[in-house]
Amino acid sequence: MNARIRGVFDDAGVRGWLHAVALDDPDATVEVDADGIVPLASVYKLPLLAGFCRLVDLGELDPRQQLTLDPATKTAGPTGLSLFADPVTASLRDLALSMMTVSDNASADALLDLVGLRRLAGMLTDFGLQRTWVRRGTAGNLRDLQRRTGTSDPDAALAVLADNDRTDPAGVYEAANGSASTARDMTLLLRRLWAGELLSPEQTDFVKATMHRQIFLHRLASGFPHDGVRVAGKTGTFGALRHEVGVITLPGGSAYALAVFTLAARGDVRQPRVDTAIGQAARLAVDLLR
């Protein structure tokens, strides 16, 4: 079966990393290079969500606190409050919701500023994540990309990555240069979140409900096109990187944590074959674990 999963990745023209685990039997796993450290792209928003919710539990952040995002300083992006032309005021928990459901960069960076990189690093260690780090948010990633591409704005920098006639700038896809993790670490985080081991019942329910509301159905969910299958996920996209991590719950109640990371041979903005391959690989892994 692992050979079939590798074949899916090969057919899509990607390098792939995968880890899948049955939530009721942690010894039942499917692995493809599961310990390789990979840049997370927007998947970093999942450990950030977990850290934010831990601080809510500790009373260090009030989820109802109001925060105003100024269009002059907020992070750019293709979705959510990143697109808004006027100042927006929302609660921290609503920013977290936007961060996860539509991968809102502005909301994510605002929350990361409040949580703090050092404080988040300590929590990730407490969560048992030995090979996961968040070194900067999306704004930091875009500034780094502009520096490496010699461009003056984020759109121009991203256009360099999408141009298949140009060589990718050195270091862009090196895990040491940004936020990164392994497929195994991400399924461990999901498994512990779903088991209620990391957060209070209230915050555990918030994480689950928020991830079930993600709007994107073109990756993990594409492998399970049935209304009876529930998918709670978080995607990540940056240049040639296409990821999703999440929990698949089948109609009978059995559930599986999955992390699928890919690095494509091409940098095109639209890569439907890669998106579909993520769903196919996930389906093969779940079928093996059932």
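Everything below is about the structure printed above this text.
Residues numbered from 1 in each chain as written. Predicted model: local features only at pLDDT ≥ 70, side-chain atom pairs only at ≥ 80, totals over all residues. Heavy atoms only, no water.

1. Notes on the overall build of the chain
Here comes step 1: The helix and strand inventory of the chain stands at 10 helices and 9 strands.
Here comes step 2: With the C-alpha coordinates aligned to their principal axes, the bounding extent of the chain is approximately 50 × 50 × 35 Å.
Here comes step 3: Within the chain, the fraction of its 290 residues that count as buried is 55%.
Here comes step 4: Taking contacts inside the chain between residues at least 6 apart in sequence as the whole, the part at least 24 apart equals 66%.
Here comes step 5: Accessible area for the chain stands at about 12,500 Å²; split by element, carbon and sulfur atoms hold 48% of it.
Here comes step 6: The distance from the centre of the 31 positive side-chain charges to the centre of the 34 negative ones in the chain is 1 Å. (Helix = DSSP H or I, 4+ residues; strand = E, 2+ residues; numbered from the N terminus. Buried < 20%, exposed > 50% of the residue type's maximum accessible area, 1.4 Å probe, protein only. Contact = heavy atoms within 4.5 Å. Areas by Shrake-Rupley, 256 points an atom, 1.4 Å probe, with all protein chains shown as cover. Lys, Arg positive; Asp, Glu negative; His and termini not counted. Charge placed at Lys NZ, Arg CZ, Asp CG, Glu CD.)

2. Let's talk about the sheet that holds strand β7 (residues 230-238)
Here comes step 1: The strand order across the open sheet built from 5 strands is β2-β1-β9-β8-β7, with neighbouring strands paired in antiparallel fashion. The two strands at the open ends of the sheet, each matched to only one other strand, are β2 (25-32) and β7. Across the sheet, the mean angle separating the axes of adjacent strands is 10° when strand polarity is ignored.
Here comes step 2: The pairing of strand β8 (residues 241-249) with strand β9 (residues 255-264) spans 9 bridges and is classified as antiparallel. Directly across from V247, in β9, lies its bridge partner A257.
Here comes step 3: Relative to strand β1 (residues 14-22), helix α1 (residues 2-12) is tilted by about 145°, and along the sheet it contacts β1, β2 and β9. (Pairing = 2+ DSSP bridges. Axes fitted to C-alpha atoms, helices over the stretch in contact; angles between N-to-C directions.)

3. Observations concerning the environment of R15
Here comes step 1: Tracing the sequence through the fold places R15 in strand β1.
Here comes step 2: Residues R15 and G137, spaced 122 residues apart in sequence, show a C-alpha to C-alpha distance of 24 Å.
Here comes step 3: If sequence neighbours within four positions are ignored, R15 has contacts with F261, T262 and L263.

4. So, the nonpolar core
Here comes step 1: Membership of the largest hydrophobic core comes to 53 residues, with the highest contact counts inside it found for F52, M186, L189 and L193.
Here comes step 2: In terms of residue count, helix α2 (residues 45-57) provides more of this core than any other element does, 8 residues in total.
Here comes step 3: Look past the residues within four positions of M186 in its chain and what remains in contact with it is L40, V43, P47, L129, T132, S181, V245, A259 and F261.
Here comes step 4: Counting 40 residues, the second largest nonpolar core, distinct from the first, contains L161, L220, A221 and L241. (Core = buried A, V, L, I, M, F, W, Y, C linked by side-chain atoms within 4.5 Å.)

5. A look at unusual backbone geometry
Here comes step 1: Of note, the phi angle at D33 is positive, near 50°, even though the residue is not glycine.
Here comes step 2: Positionally, D33 belongs in the loop between β2 and β3 (38-39).
Here comes step 3: Located in the positive-phi region is S103, a residue other than glycine, with phi close to 55°.
Here comes step 4: Mapped onto the elements, S103 comes out in the loop between α3 (92-101) and α4 (105-115).

6. A look at the pairing of β9
Looking along a regular strand, one sees side chains alternate from face to face of the sheet.
Here comes step 1: In terms of burial, β9 is largely enclosed, as 9 of its 10 residues are buried.
Here comes step 2: Pairing geometry for β1 and β9, over 9 bridges, is antiparallel. Within the sheet, the bridge partner assigned to W17 lies in β9 and is F261.

7. A word on helix α6 (residues 138-149)
Here comes step 1: An ideal rise of 1.5 Å per residue puts 16 Å on 12 residues; α6 measures up with 16 Å between its terminal C-alpha atoms.
Here comes step 2: Inspection of α6 places T138, A139, G140, N141, L142, D144, L145, Q146 and T149 among the buried residues, and these make up the whole buried set.
Here comes step 3: On its buried face, α6 is in contact with α2, α4, α7 (154-162) and β7.
Here comes step 4: Looking one or two residues past α6, G150 carries a phi angle of roughly 70°, positive in sign. (Expected span 1.5 Å × (residues − 1).)

8. Considerations on the packing of α2 against helix α9 (residues 201-212)
Here comes step 1: Their axes nearest at 10 Å, the elements α2 and α9 cross at an angle of 150°. When the axes of α2 and α9 are compared, the pair comes out roughly antiparallel. At the point where α2 passes α9, the crossing takes the right-handed sense. Across the interface between the two elements, L46, L49, C53, V56 and D57 of α2 pack against Q203, F206, V207 and M211 of α9.
Here comes step 2: Here the contact of α2 with α9 is composed, by residue class, of 7 nonpolar, 1 polar and 1 charged. (Parallel < 35°, antiparallel > 145°, perpendicular 65-115°, else oblique. Left-handed = near helix turned anticlockwise from the far one by under 90°. Nonpolar A, V, L, I, M, F, W, Y, C, P; charged D, E, K, R; others polar.)

9. Focus: the packing of α6 against α7
Here comes step 1: Packing of α6 against α7 brings their axes to within 9 Å, and their N-to-C directions diverge by 65°. Classified by the angle between their axes, α6 and α7 sit roughly perpendicular to one another. Between α6 and α7 lies a crossing whose hand is left-handed. On the side of α6, the interface is formed by L142, L145, Q146 and T149, while α7 contributes P154, A157, L158, V160 and L161.
Here comes step 2: Class assignment of the residues belonging to the contact of α6 with α7 gives a composition of 7 nonpolar, 2 polar and no charged.

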